[in-house]
Amino acid sequence: MMTFITIFLVLVGINIAMVIVSLLSVAQKSKQSSQELSNQHTSVIYPLDLLTSSYKKAV
C-alpha cells in the first residue's frame, strides 16, 4: 500500500510541475506575440461598395 501512495504522489508532483512549466511558457509566448503585433505595420482594409457598383447585363 505504501508503494502505491509513493508512486501516486510522484506522478501527481510530475503533473503539477508540467502544468506550471506549460503555463509559464504560454505567458512568455503571449508577451512576445503582443510585442510583435505592436511592431508590425497595420494594413488598411477598404469597405466593399456593392450598392453603387454597376453590373453589366449578361448576354
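Our subject is the structure listed above.
The structure contained in this document is the topic of the report that follows. (Residues numbered from 1 in each chain as written. Predicted model: local features only at pLDDT ≥ 70, side-chain atom pairs only at ≥ 80, totals over all residues. Heavy atoms only, no water.)

Regarding the overall build of the protein
When helices and strands are tallied, the protein shows one helix and zero strands. Element-wise, carbon and sulfur atoms account for 69% of the exposed surface of the protein, whose accessible area totals about 6400 Å². (Helix = DSSP H or I, 4+ residues; strand = E, 2+ residues; numbered from the N terminus. Areas by Shrake-Rupley, 256 points an atom, 1.4 Å probe, with all protein chains shown as cover.)

A short note on the packing of aromatic side chains
By the definition in use, this model includes one aromatic pair. Centroid distance F4 to F8: 6.2 Å. Interplanar angle 20°. Geometry classified as stacked. Taken together, the residues span about one helical turn, with F4 and F8 both in helix 1 (residues 2-39) at a distance of four residues. The exposure class assigned to F8 is partly exposed, which follows from its relative accessible area of 47%. (Phe/Tyr/Trp six-rings, centres within 6.5 Å; stacked < 30°, edge-to-face > 60°. Buried < 20%, exposed > 50% of the residue type's maximum accessible area, 1.4 Å probe, protein only.)

Section: a nonpolar patch on the surface
On the surface, M1, F4, I5, F8, L9, V12, I16, I20 and L24 cluster together into a nonpolar patch covering about 950 Å² of accessible area. Among the structural elements, L9 can be located in helix 1. For L9, a relative accessible area of 54% gives the class exposed. (Patch = residues over 30% accessible without salt bridge, like charges linked within 9 Å, V, L, I, M, F, W, Y side chains within 5 Å. Salt bridge = Lys/Arg side-chain N within 4 Å of Asp/Glu carboxyl O.)

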